[in-house]
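# Overview (structure and organization)
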Amino acid sequence: MEELDSVFWIRINGVFYGKTIEEIAYFKSMWPWVKMVAVDEEFCFWESLAQVQKRIEKQSQDFIRVSRRYYINVCYVKDCTSKEIRMMDGTVISVNRKNMEYFREKVHENNE
């Protein structure tokens with residue numbers, strides 16, 4: 001049962017798809033859709049980013065909301081500057097100062 005607990009389920013056109021949390025790099029809000037980017041594939045589904053965040057928080061501590069549009073898995077961050085986060089797939093996310101401070105605190109906590 002532990003394996004099923006680490007799966008994030010979505011429904012697209014009445015079909016359920018599951019992706020393990022560890023394989024998900026980030027979620028991007030494209031209101032009213034959310035794009036889920038995983039290691040080997042992407043899905044767009046109808047849900048708010050806030051709803052996605054609530055569901056993921058019950059399953060993983062590796063995700064952080066870095067902007068209104070992005071909810072990322074810190075394990076897939078390649079590098080960052082004072083204003084941007086670069087994901088492993090090359091996506092660059094602009095982040096304001098307050099969210100960058102929160103991001104750095106969260107990464108520090110996860111590394112302890």
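Data block above holds the structure.
In short, a report on the structure. (Residues numbered from 1 in each chain as written. Predicted model: local features only at pLDDT ≥ 70, side-chain atom pairs only at ≥ 80, totals over all residues. Heavy atoms only, no water.)

Burial of the side chains of strand 9 (residues 84-87) is restricted to one face: Ile85 and Met87 are buried, whereas none of Glu84 and Arg86 on the reverse face is. Where strand 8 (residues 77-80) lies against strand 9, three bridges are found, and the strand directions are antiparallel. Looking across to strand 9, one finds that cysteine 80 is bridged to isoleucine 85. Where strand 8 folds back on strand 9, the antiparallel hairpin that results is connected by three residues. Hairpin geometry of strand 9 and strand 10 (residues 92-94) is characterised by an intervening segment of four residues between the two adjacent antiparallel strands and by a positive phi of about 95 degrees at glycine 90. (Buried < 20%, exposed > 50% of the residue type's maximum accessible area, 1.4 Å probe, protein only. Helix = DSSP H or I, 4+ residues; strand = E, 2+ residues; numbered from the N terminus. Pairing = 2+ DSSP bridges.)

Right, let's talk about helix 3 (residues 97-111) for a bit. For helix 3, built from 15 residues, the straight-helix expectation of 21 Å at 1.5 Å per residue is met to within 8% by its first-to-last C-alpha distance of 21 Å. Contacts made by the buried residues of helix 3 are with strand 6 (63-65), strand 7 (70-73), strand 8 and strand 9. A side-chain oxygen of the first residue of helix 3 lies 3.3 Å from the backbone nitrogen of lysine 98; this N-cap is asparagine 96. (Expected span 1.5 Å × (residues − 1). Contact = heavy atoms within 4.5 Å. Polar contact = N/O pair within 3.5 Å; in protein donor to acceptor, adjacent residues only side chain to side chain.)

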